[in-house]
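What follows is each chain in one-letter form.
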Amino acid sequence: MKTRNPLHKVFVSWLVTTGLAGIIMEPVLADTLKPAWAIVPDGTILDDGVDPPEAGGVILPAGLTMANTYNTYTWFTASNAVRGVASNPNNGNILVSDTSQNIRVLNQEGVFLHELDKTGLATGATLNMVHVGVAADGVVYASNLSSSSPPDSFKIWRWENDSNPNPDPLPDPFVPVTPALAWPPPVVDGEPVITGDPAAGLNNQRWGDSMDVRGSGANTQLVFAARNNPVLAIFTTTDGLNFVPHVVTYTGGANTGVAFGPDITGYDDPATTGTVENLTLTTVFVKLSGSPMRRVRIRTDNWTTVATTVYDGAGANPPLISAEITAIGTDPRQRYLAGVSGRPTASVSAVGKSFGYEFGASAVPNLIAPDAPGVTDFFTTNVNGNGIAAADVFTAAPGQTPGTGGIPLRSRLYLLNVNNAIVAYDVAPLLVAPGIATPPASTTVIAGWKATFSVSATGSLPLTYQWTRDGIDIPGATSPSYTLDPAGVADTAAVFAVRVTNAVSTVPSGDATLTVQPRVDTEVMTLGYKLPADTVGRPYLTSTDTQRGMAHNPANDHLLIVNRSAVPGLPNPSVIVLNAANGDEILEEGVVRTLQLRDPNDGNNDVINGAGAATNGFFALSAIDCDAAGAVYASNLAIAGATDQFKIYRWASDDAVTTPTVAYGPGDIFNTTGSGDRAGEHLKVRGSGPATQILVGARNIEKFAILTTTEGLTFAPTVFEVAGAGAASFFMCDFGAGNTIWAKRDGGQLLRIAFDLTTGLASIQETFATALFPSGVGPIAVDPVKQILGAVHSGENPNNLRLYNYNLIGQPGGLLDLEFFPTDNLNGNRVGAADIGNNRIYGLDTNNGLVVMNLNYTLPVAPVLSNPSRTGNTFSFTLTGVAGTTYLIQNSPDMALWNDDGTVTLNAGTSVVVSRTVTDGRYFFRAKTQ
């Protein structure tokens, strides 16, 4: 049985630097390394794993074959000669350099093409050539290695491109590409240059063990790291031909690997005050086997180090990078960092190693591995006595088409372990089968609105979607969500599902059923206008949960909205004044009218947001209403037990100059200190002057308050506690007829409550179970004259404004009409406001804007029973009502349980005598509109 050596792995990080605090990691899609091809020393015996085995053969790991593993390149041997590898970002070629000053060009598949011209390259250095690098414009740079004391012979050469110096046939015209000296310049200020040391005067540097290139033309930069000390030489140019070094020192040790990282913009030295520098910092990564990787951030105005980050795993960010790595490389967009260990630590074998990491949003390193996690050896095991390695990364640039014109299909890593192999890796997505994270949910909508189904899926990208209805594909429904718009009653019971597919497999989502409720759509309400949230030009109507209060002013037909969203040019909070008839803004000097928050006669004292901020409330303004004479009342939102206390403010009118006064408070209106209960979710006002009454409900307890006044300016509360009402029963409420109120519990039942201001007692007069009146209703408004109730249903799909005949709630004809809000954003707090006035109903659904409807409703004439008489077992009475109307007759022995007793239609007038058979006992009769 054969034993396979495990495949070596590679450092790969997706690094996105956005500041000096650390590297902000983005999610990585490419988390698998797949070998594309490899070069091994000339004459290496290969074994593809197919019997019979090759004697002494190197077992090829998964992904490498006899066809894509090259073992006949005579220039690649185990002789310590080939030391540099680089990708050409301009055309996808790979360049390989050796110590004999040869630079060989391969295509993206590893096929040898040609060598570069080396005419005039100088000799006499410690090594005549080591590393090679290529700029974004395809210009090739290479250096020798010049050792210490001092390295006078250090030189950098450039080739204009990597084209063939001896093409066959020879093009006409033909200009051969020959190397030119980029550093040092032959003459400076008329004097010959006698040293190539970029850090002249700093002895024992040794340049050339590592290099990196980025940019192009006049923006080209080269970086070299000194072998023996923490010193960098960054070369810049103004013409793309001649270079100038900038010497940078940093905290740390020597290194054999160097690579550019992403720039950092907008840097200001924290030690410099009063000056905005807005600098761009250059980032350089450095590495030496046995030492942590470091990130050096450098000012380019004075070429000094700002900070050095050590990747030793001492903190959560930056993470640990293995100290064994010798050489590193990055791509031009700094998405990946690759590394190779040419010389492992003393605790492991003497062969080169590779590692693979990717970084997620948590900045915790995860090992990238083709098949198994961990750190493994190169698949060849030749001795690399100097521990020499090289690495580079290619990623297609904007404008390049991956997979065409020599450009690799995916990002690719090129890794050289001297004497062992050059391996090209594609960074490919780890293919994970799709999964359903959140399946589509069954939904109920009202006819005429849209029904939306959504799915959340996992798995390797790309994911594709196909929605079905009743098992049949829906044409064009290929997104993560599907919307049926509009949905009709005929769509009830339709079953929707989705299939999610990727390159691995397909997974079904499971079924979601649609229920469509009939819509009550009559002419009782006709559209006045709608003002959607987030409409351009209406910055005080948003989807940010900052508009909860609204009221109609009957004195001048204005509409007032409380806004807590910051709007340029307006106070915050603000009370916006609109024309109630059409929603138009009322302008004051070109700006929408708002109520005054200050007292200009008292040093511009800010009544609502000024001194005594501790009593201004959790929200300084929350609810609002107007009395019959046009005075405006608004409250804060206060939480008992906190520093906030409840307050009500009063404006004599809604003009732009009226100063507010405090009508009540600050005080703990419900005497619930320490409970955390809330007051000010809403308020309602009726009457005017000394007859004004203000209704306020508690948020969480069985209490409401009615505030009264003797002069129409200051108010005192009478607090009512209603046992059995249930928690939050008075979340939203409004005055009913006489001494009654209507109250709506958040998510619960509707109540009609009777109260007595003299005794301070209140009791439940009528309860409407959630089966009769929807629990999702929040704000309500009542018109006792028309005997109607408006309701903002913020818990339905979609949110809507409803109108009821409150005498028939839960009965046929009780729901008079329904209108959708312009949007259906979540209103999780069930807040907003409703009001009725000037033959209109106004609805504010927080996060969804305004709906204003005209009312075309006349209170039905109630039937009257009169003239009762009995003869034997026949009981007779006169029914008086509306001609042509059908009435339901009901009887009851105790007025508690009513029994249907037939119908009567007034066909020939407005009254008729009705007779019923009775026996001994007590009978009560009544008539209802059918």
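Keep in mind the model is a prediction, meaning the values are calculated, not measured.

*Asks:* How would you sum up the overall build of the protein chain? Please name residues and give values.
*Replies:* Within the protein chain one finds zero helices and 78 strands. Evaluated residue by residue, the protein chain yields a buried proportion of 52% over its 930 residues. Accessible surface, the protein chain as shown: approximately 37,500 Å² in total, 52% of it carbon and sulfur.

*Asks:* Tell me about the nonpolar core, residues and numbers included.
*Replies:* Membership of the largest hydrophobic core comes to 22 residues, with the highest contact counts inside it found for Val 340, Phe 379, Leu 413, Leu 415, Val 423 and Tyr 425. Secondary structure elements with two or more residues in this core: β3 (30-39), β27 (337-341), β32 (389-394), β33 (412-417) and β34 (421-429). At four residues, β34 tops the list of elements feeding residues into this core.

*Asks:* Describe the pattern of salt bridges, with residues and values.
*Replies:* Applying the stated criterion to the full structure yields 24 salt bridges. Among the charged side chains, a salt-bridge network with shared partners connects Asp 269, Glu 277, Arg 299 and Asp 301.

*Asks:* So what's going on with the sheet that holds strand β65 (residues 761-768)? Which residues, and what values?
*Replies:* If you trace the four strands from one edge of the open sheet to the other, you get β62-β63-β64-β65, paired in antiparallel fashion. Looking at the sheet topology across the chains shown, the edges are occupied by β62 (732-735) and β65. When the angles between neighbouring strand axes are averaged without regard to direction, this sheet yields 25 degrees. Direction of pairing for strand β64 (residues 750-756) relative to β65: antiparallel, over a ladder of seven bridges.

*Asks:* Now, about the environment of Ala 581: what can you tell me, with residues and values included?
*Replies:* Within the fold, Ala 581 resides in the loop between β48 (574-579) and β49 (587-588). Under the relative-accessibility criterion, Ala 581 is labelled partly exposed at 37%.

*Asks:* Tell me about unusual backbone geometry, and name the residues and values.
*Replies:* Residue Asp 485 is joined to Pro 486 through a cis peptide bond whose omega torsion reads 0 degrees. Note that Pro 486 resides in the loop between β41 (481-484) and β42 (495-501). In this structure, Pro 573 follows Asn 572 across a cis peptide bond, with omega equal to 5 degrees. Counting through the fold element by element, Pro 573 comes out in the loop between β47 (558-563) and β48.

*Asks:* Pulling in residues and values, what's your account of the sheet that holds strand β45 (residues 525-531)?
*Replies:* Hydrogen bonding along the main chain pairs the strands of a sheet, whether they run parallel or antiparallel. Pairing within the open sheet is antiparallel, and its four strands lie in the order β45-β72-β71-β70. Edge positions in the sheet fall to β45 and β70 (832-837), since each has one partner strand and no second. On average, adjacent strands in this sheet sit at an angle of 15 degrees to one another, irrespective of strand direction. Of the strand pairs in this sheet, β45 and strand β72 (residues 849-855) are connected by six bridges, and their pairing is antiparallel. Considered in β72, the bridge of Leu 531 is made with Leu 850.

*Asks:* Describe the packing of aromatic side chains, with residues and values.
*Replies:* Summed over the entire model, instances satisfying the criterion amount to 27 aromatic pairs. Measuring from centroid to centroid gives 5.0 Å for Phe 618 and Phe 619, while their planes differ by 40 degrees, and the two rings are tilted. Residues Trp 742 and Phe 768 carry aromatic rings whose centres are separated by 5.7 Å and whose planes lie at 25 degrees to one another, so their mutual orientation is stacked. Of this pair, Trp 742 sits in strand β63 (residues 740-744) while Phe 768 sits in strand β65, and the two are 26 residues apart along the sequence. Owing to a relative accessible area of 0%, Trp 742 belongs among the buried residues under this scheme. By relative accessible area, which is 3% here, Phe 768 ends up buried.

*Asks:* Outline the side chain of Asp 817, listing residues and values.
*Replies:* Structurally, Asp 817 is set in strand β69 (residues 815-820). Buried charge without a salt bridge: Asp 817, with Arg 519 as the nearest opposite-charge side chain at an N-O distance of 5.7 Å. Polar contacts involving the side chain of Asp 817 include one to the main-chain amide nitrogen of Thr 522, which spans 3.1 Å.

*Asks:* Which residues make up the pairing of strand β23 (residues 279-287), and what values do they have?
*Replies:* Counting buried residues along β23, eight of its nine residues qualify, which places the element largely inside the surrounding structure. Sheet topology places strand β21 (residues 257-260) next to β23; four bridges connect them, and they run antiparallel. Bridge pairing links Gly 257 to Lys 287 in β23. Sheet topology places strand β22 (residues 264-267) next to β23; two bridges connect them, and they run antiparallel. Bridged to Tyr 267 within β23 is Leu 279. Relative to strand β24 (residues 293-299), β23 runs antiparallel, the two sharing six bridges. Directly across from Leu 281, in β24, lies its bridge partner Arg 299.

Procedures and definitions
- Residues numbered from 1 in each chain as written.
- Predicted model: local features only at pLDDT ≥ 70, side-chain atom pairs only at ≥ 80, totals over all residues.
- Heavy atoms only, no water.
- Helix = DSSP H or I, 4+ residues; strand = E, 2+ residues; numbered from the N terminus.
- Buried < 20%, exposed > 50% of the residue type's maximum accessible area, 1.4 Å probe, protein only.
- Areas by Shrake-Rupley, 256 points an atom, 1.4 Å probe, with all protein chains shown as cover.
- Core = buried A, V, L, I, M, F, W, Y, C linked by side-chain atoms within 4.5 Å.
- Salt bridge = Lys/Arg side-chain N within 4 Å of Asp/Glu carboxyl O.
- Pairing = 2+ DSSP bridges.
- Axes fitted to C-alpha atoms, helices over the stretch in contact; angles between N-to-C directions.
- Phe/Tyr/Trp six-rings, centres within 6.5 Å; stacked < 30°, edge-to-face > 60°.
- Lys, Arg positive; Asp, Glu negative; His and termini not counted.
- Polar contact = N/O pair within 3.5 Å; in protein donor to acceptor, adjacent residues only side chain to side chain.

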